[in-house]
Amino acid sequence: MNHRCLSGLLFLTAATLTSVAEEPLTFERDVRPILKTHCFHCHGEDEVTKGGLDVRLQRFLVKGGKDGPAIIPGKPDKSLLVKLLRDGEMPKEKSKLPEKEIETIAAWIQAGAVTARPEPESLEDAPLFTEEERNWWSFQPVARVAVPEGTGSDHPIDAFISRKLKEHSLSFSPRADARTLIRRATFDLTGLPPTPEEVDAFAVANVKDPEAAYAALIDRLLASPAYGERWGRHWLDVAGYADSDGVTEKDLERKHAWKYRDYVIQALNSDKPFDAFVKEQLAGDEIAALEGVNANSATEEERARYAELLTATGFLRMAPDGTGAKNDLLTRNASITDTMKIVSTAFYGMTIQCAECHDHRYDPITQADFYELRAVFQPGFNPVKWKNPNSRLVSLQTNEDKAKAAEVEVEAKAVEKARLAKQAEFIQIVLEKELLKVDEAGREAVRTAYNTTVKERTPEQVALLKTHPTINKLNAGSLYLYDSTYKTKYNEELKAMTAEAAKIREKKPVNELVQAFTEAPVKPEAIPATFLFHRGDPESPKDEVKPSDLDVLSGWRKTDLPESLDTVPTSGRRLALGDTLTDGTHPLLARVMVNRVWMHHFGTGLVKSVADFGFLGEKPTHPELLDWLAQEFVNSGWSLKELHRLILSSDTWQQQSQRDEIRDEIDPDNLLLSRQSKRRLEAETLRDSLLAVSGKLNPAHFGEPVPVMFTEEGQVVIGIDTTDTAGRQTGKFLSLEGQEFRRSIYIQIRRSRPLDLFAAFDAPAMTYANCEIRPVTAVSPQSLLLMNNIGMREHSQYFAQRLEKECAGKSTEETIRHAWKLAYGRNPSDSELSEASDFLTLQTASYTVEPTTLERLSGPASTEIASPHLLGLTALTHALLSTNEFLYID
């Protein structure tokens, strides 16, 4: 179960206490949520009523169980329920309820234990959810909100924000300066720092026409290929992207997962409408059937479209999956549940997976809801006929290419057949030489025994050969031990034939494989059934369920999904779900996505709990703005780039980030947005910035991931793994030829091998299903890494080498100014220039006395003594790269 399901009830308690102060307590709004969380499991759910007590209705509490009434309206001190709760006797074997919750129940009893409305005669006739649950904000239709008038703001976003600021006697902060804006926008949209030339050009243009200069800046950044790499990383967190299966110690590699990563980057760069983006990931294979495209389509464009659609479904194969190493029912079920969590948090912003074992403890999500949603994907998973990860790879090869490959294989096998015949000939030559060492009388028997296939040898032949070990051990692999001639003539001839067969196979058309989620064509009556599991146990199936969206939405929209569609040869269930989620009226998808985009631009979402729009999550700080943005997102054609333009063109986003006492006192967490928030670079952006500033960034896009490996010291570094079959380090080093300097999104994500820098700065290792929201920590290991890590020292060396190259023949002051411009996008102050100059002089003098070599994180160590000037510059650049100014965005 997700850890959020087991967390405390502070959010619920706060909501309950607020309602206590505002209006009389009722069972449905104030008491039932507490009992549902702590008591339903033993007293009402799944027909379990321990002690004969059912707590799901007020009158059941009055009726009580074997020990009499649980409550006596108007008399909390004489109510058994209150006594047991206060004494900590209930819930059994669990922590005592918080005092505030106990007193809420007591206050409700004291006030007469009232209900909000008449209770049903029986629970069979009762609504599945209370009105309070159905009326929760995130389950309501997205409201068509008018932009506030009279706020003094022309921009729609500013109008919403300004109205709330005025309610709290606050106003916007001044606009940030040009240098801050271009750094903020460039990092936000591309994940890279602007170059000094870009900063200077924008500063000049900003003086002439600020509005035009800024609009041109945003357009340029959104058109950059780096945009898809930056925002692709955000989506890959939600999708749970990794290049390995996880779960077991083997952590098997996913050789083809990177194609899904490239699909995401390309989709975002092309501004693929988000509704299409969602549907392709859920049902790309079924969309391909609708569009009539496949691997054998007539045009290259159609075949590329088919490849794109299948690759998109890799989204549903991102969850940890241990069945490649341990293929049992529980491991299969765990992978499916993790996939459900990814779908739930990505598209619903809900913790639907918490209802796998029982009804959700906090939200109006039933256990049936979980399995009804799972039924959408059941035909593709098909646990009964489960395919392990390698078996479910899909080939994109055309029939023509397959035929060509088969022809080439026939040719190659002919050469292999000849090689085997030649090898057998060589073995016979050596055999005859060895037989000359055997007595002539027994020679033929030994020959016959050897030439008899191993399985058909008689016990006598086996025993005979054991008495002649040099003959018994004769085989293709040991030929070289018998005859020196083999090392030259025989060996070279066989090697040449092996190389010839390999050369022939190189003529085969490439067989591209994708990690996809597909279904076999099936008749409706043969679609695999989905069952609700008792307490989530896959070995205890109960009732069969049909595909459906969340039942809590059924009060105002259709939630049933078709069991099959006649428009596609597969079940069509995923296609139907995709259409439902993206129909423009679903209450969750658009809200969830605009909230995520807002979070990445401001550090915090309008709903802080971006993956939990339920009762444990936080309510939106600006609900009307959230709905306006969601509606605008849909109306714009689901364009993410237009959403970026809308947000980044607002005064709200362009504000300064400076704090002051008044703002901090009124709004310490900046929820009202009277200033911009200072944000720390994510792990990948930090590494990419180090590469960019040092001049080492390799701008290549797409392709296989850059591998990671363990060093002999057990440290995870970028490099080609050269361990032997027993997992032992060989000490060999294979060059990556500059691939090690590619952007971080292209670095392999092995769940068991996170890079030190990534782990320290909160990048997810994807040991769980996905990363809903990254933590942002400030801990001592980060400072220690920046100061002491050899990798940081190596980046600093590259930075220093760049300065030496670009500032050759220039003064120390000019070199320092260039370093500041590269690192921070600004010139140093007079004091910074003076202090840096003195520091560089001292460091250079120190290294003149005690020279040393350059350092490397992996690969052969340098033996050449570096120049004192380079080492002094390295000390300076190391200091620049370790500062908060480099690490944080204003």
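Predicted model only: the values in this text are computed from it and were never measured.

Before going further, it helps to spend a moment on the overall build of the protein chain. On a plain count of helices and strands, the protein chain comes out with 35 helices and eight strands. Here the protein chain holds 890 residues, and the buried ones make up 52% of them. Here the analysis covers contacts within the protein chain between residues at least 6 apart in sequence; of these, 70% occur between residues at least 24 apart. For the protein chain, the exposed surface amounts to about 40600 Å²; the carbon and sulfur share of it is 53%. Put simply, the protein chain has 108 plus and 134 minus side-chain charges, and the middle of one group is 4 Å from the middle of the other.

For the protein chain, the assigned domains read domain 1 (10–126), domain 2 (273–396 + 517–587), domain 3 (399–510), domain 4 (679–777) and domain 5 (787–889). Computed from C-alpha atoms alone, the centre-to-centre distance between domain 2 and domain 3 is 51 Å.

Attention now moves to helix α18 (residues 440–451). For α18, with twelve residues, the first-to-last C-alpha span of 17 Å sits near the 16 Å given by 1.5 Å per residue. When α18 is considered as a whole, its buried residues turn out to be V446, R447, A449 and Y450. The arc enclosing the buried residues of α18, seen along the axis, measures out at 165°, which places them on a common side.

A few words on helix α11 (residues 225–239). With 15 residues, α11 extends 21 Å between its outermost C-alpha atoms, agreeing within 8% with the 21 Å of an ideal straight helix rising 1.5 Å per residue. G232 marks where α11 bends most, by close to 25°. The buried fraction of α11 amounts to 14 of the 15 residues, a majority that puts the element mostly inside the structure. Near the N-terminus of α11, the side chain that reaches the backbone nitrogen of A226, with its oxygen 3.0 Å away, is that of S224. Once α11 ends, the next one or two residues include G240, with phi positive near 75°.

Right, let's talk about unusual backbone geometry for a bit. Most peptide bonds are trans, and most residues other than glycine sit at a negative phi. The step from M90 to P91 runs through a cis peptide bond, and the omega angle for that step is -5°. Topologically, P91 is positioned in the loop between α4 (80–86) and α5 (99–110). One non-glycine residue with positive phi stands out, namely D251, at about 45°. Along the polypeptide, D251 turns up in the loop between α11 and α12 (258–269).

Examined against the element boundaries, S677 turns out to sit in the loop between α27 (661–666) and β5 (679–680). Given the relative accessible area of 17%, S677 is considered buried. A polar side-chain atom of S677 sits 3.0 Å from a polar atom in the side chain of N670. Not counting residues up to four positions away in its chain, the partners in contact with S677 are F602, S657, N670 and I889.

The next thing to look at is empty space enclosed by the protein. The full count for this structure, using the stated rule, is five cavities of 30 Å³ or more. Contributing to the lining of the largest cavity are 15 residues, with Q748, I749, P754, F758 and P764 lying nearest its centre. Each residue belonging to the lining of the largest cavity can be placed in one class, and the counts come to nine nonpolar, two polar and four charged. By volume, the second largest cavity is sized at about 110 Å³. Forming the walls of the second largest cavity are W231, H234, W235, V238, L268, F277, M593, R596, H600 and L640. Put simply, the parts of the chain that give the lining of the second largest cavity at least two residues each are α11 and α23 (589–602). Looking at which element gives the most residues to the lining of the second largest cavity, the answer is α11, with four residues. Residue classes in the lining of the second largest cavity are distributed as seven nonpolar, two polar and one charged.

As a packed pair, helix α16 (residues 367–381) and helix α22 (residues 573–581) sit with axes 8 Å apart at the nearest point and diverge in direction by 135°. If you check the angle between α16 and α22, you find them oblique. Contacts from L373, A375, V376, F377 and P379 in α16 reach R573, R574 and L577 in α22. Residue composition of the contact of α16 with α22, grouped by class: six nonpolar, no polar and two charged.

Summing up the model confidence of the protein chain, the mean pLDDT is 93 and the portion of residues at 70 or higher is 97%. Confidence drops under a pLDDT of 50 for residues 1–21, and excluding neighbours within four residues, the segment shows 40 contacts in the predicted structure.

Here a ring pair, both rings aromatic, is described through the centre-centre distance and the interplanar angle of the planes. With the rule as written, the count across this model stands at 22 aromatic pairs. For the ring pair F274 and F633, a centre distance of 5.9 Å and an interplane angle of 40° mean the geometry is tilted. With F274 in helix α13 (residues 274–291) and F633 in helix α24 (residues 623–635), this residue pair connects regions lying 359 residues apart in the sequence. The same class applies to F274 as to F633, namely buried. What links up through ring pairs into an aromatic cluster is the set W235, Y260, Y263, F274, F277, F315, F347, F633 and W638. Geometry around W556 places R557 over its ring, the cationic atom sitting 5.7 Å from the centre. The aromatic ring of Y746 is capped on one face by R742, whose charged end is 4.2 Å from the ring centroid.

As a further point, take the pattern of salt bridges. For the coordinates displayed, the defined rule picks out 69 salt bridges. Residues D262 and R261 are paired through a salt bridge, measuring 2.6 Å at the closest nitrogen-oxygen approach. Each member of the pair, D262 as well as R261, carries the same accessibility label: buried. Salt-bridge contacts for E684 lead to R774; the nearest nitrogen and oxygen are separated by 2.7 Å. You can see E684 sitting in helix α28 (residues 683–694) and its partner R774 sitting in the loop between α29 (756–760) and α30 (780–788), a full 90 residues away along the chain. We note that E684, like R774, is buried. The network of salt bridges with common partners includes K272, E280, E291, R305 and E308.

Applying the stated criterion to the full structure yields zero disulfides. For the unlinked cysteine C39, the closest cysteine sulfur is that of C42, found at 8.4 Å. Residue classification places C39 among the buried residues on the basis of a relative accessible area of 11%.

Tracing the backbone shows N698 in the loop between α28 and β6 (708–710). At a separation of 3.2 Å, a polar atom in the side chain of N698 contacts the main-chain carbonyl oxygen of G738. Setting aside its immediate chain neighbours within four residues, N698 contacts G738, Q739, F741, R742 and R743.

In contact at an axis separation of 8 Å, helix α31 (residues 790–806) and helix α34 (residues 868–881) are set at 120° when each is read in the N-to-C sense. Comparing their axes, α34 and α31 come out oblique. As α31 packs across α34, the resulting crossing turns out to be right-handed. Mapping the contact onto sequence places M792, R793, H795, S796, Q797, F799, A800, Q801, L803 and E804 in α31 and H869, L870, L871, L873, T874, A875, T877, H878, L880 and L881 in α34. Taken together, the residues of the contact of α31 with α34 sort by class into ten nonpolar, eight polar and two charged.

Among the nonpolar cores identified, the biggest contains 116 residues, and W235 and F347 are the most heavily contacted of them. The leading source of residues in this core is α23, at eight residues. Of all hydrophobic cores here, the second largest spans 45 residues; its members include L686, L786, L880 and L887.

Among the secondary structure elements, T815 is positioned in helix α32 (residues 812–824). The spatial distance from the C-alpha of T815 to the C-alpha of V247 is 50 Å, given a sequence separation of 568 residues. Contacts of T815, omitting those with residues within four sequence positions, involve L803, C807, K810 and L873.

Reading guide: rules and limits
- Residues numbered from 1 in each chain as written.
- Predicted model: local features only at pLDDT ≥ 70, side-chain atom pairs only at ≥ 80, totals over all residues.
- Heavy atoms only, no water.
- Helix = DSSP H or I, 4+ residues; strand = E, 2+ residues; numbered from the N terminus.
- Buried < 20%, exposed > 50% of the residue type's maximum accessible area, 1.4 Å probe, protein only.
- Contact = heavy atoms within 4.5 Å.
- Areas by Shrake-Rupley, 256 points an atom, 1.4 Å probe, with all protein chains shown as cover.
- Lys, Arg positive; Asp, Glu negative; His and termini not counted.
- Charge placed at Lys NZ, Arg CZ, Asp CG, Glu CD.
- Domains from an automatic or database assignment.
- Expected span 1.5 Å × (residues − 1).
- Arc of directions from axis to C-beta.
- Bend = angle between axes of the 7 residues up to and from the residue.
- Polar contact = N/O pair within 3.5 Å; in protein donor to acceptor, adjacent residues only side chain to side chain.
- 1 Å grid on protein atoms, 1.4 Å probe; cavity = no way out; pocket = protein on both sides within 12 Å on 5 of 7 lines; lining within 4 Å.
- Points joined across faces, edges and corners; volume = space filled by probe spheres on them.
- Nonpolar A, V, L, I, M, F, W, Y, C, P; charged D, E, K, R; others polar.
- Axes fitted to C-alpha atoms, helices over the stretch in contact; angles between N-to-C directions.
- Parallel < 35°, antiparallel > 145°, perpendicular 65-115°, else oblique.
- pLDDT = per-residue confidence, 0-100.
- Phe/Tyr/Trp six-rings, centres within 6.5 Å; stacked < 30°, edge-to-face > 60°.
- Lys NZ or Arg CZ within 6 Å of the ring centre and 35° of its normal.
- Salt bridge = Lys/Arg side-chain N within 4 Å of Asp/Glu carboxyl O.
- Disulfide = S-S within 2.5 Å.
- Left-handed = near helix turned anticlockwise from the far one by under 90°.
- Core = buried A, V, L, I, M, F, W, Y, C linked by side-chain atoms within 4.5 Å.

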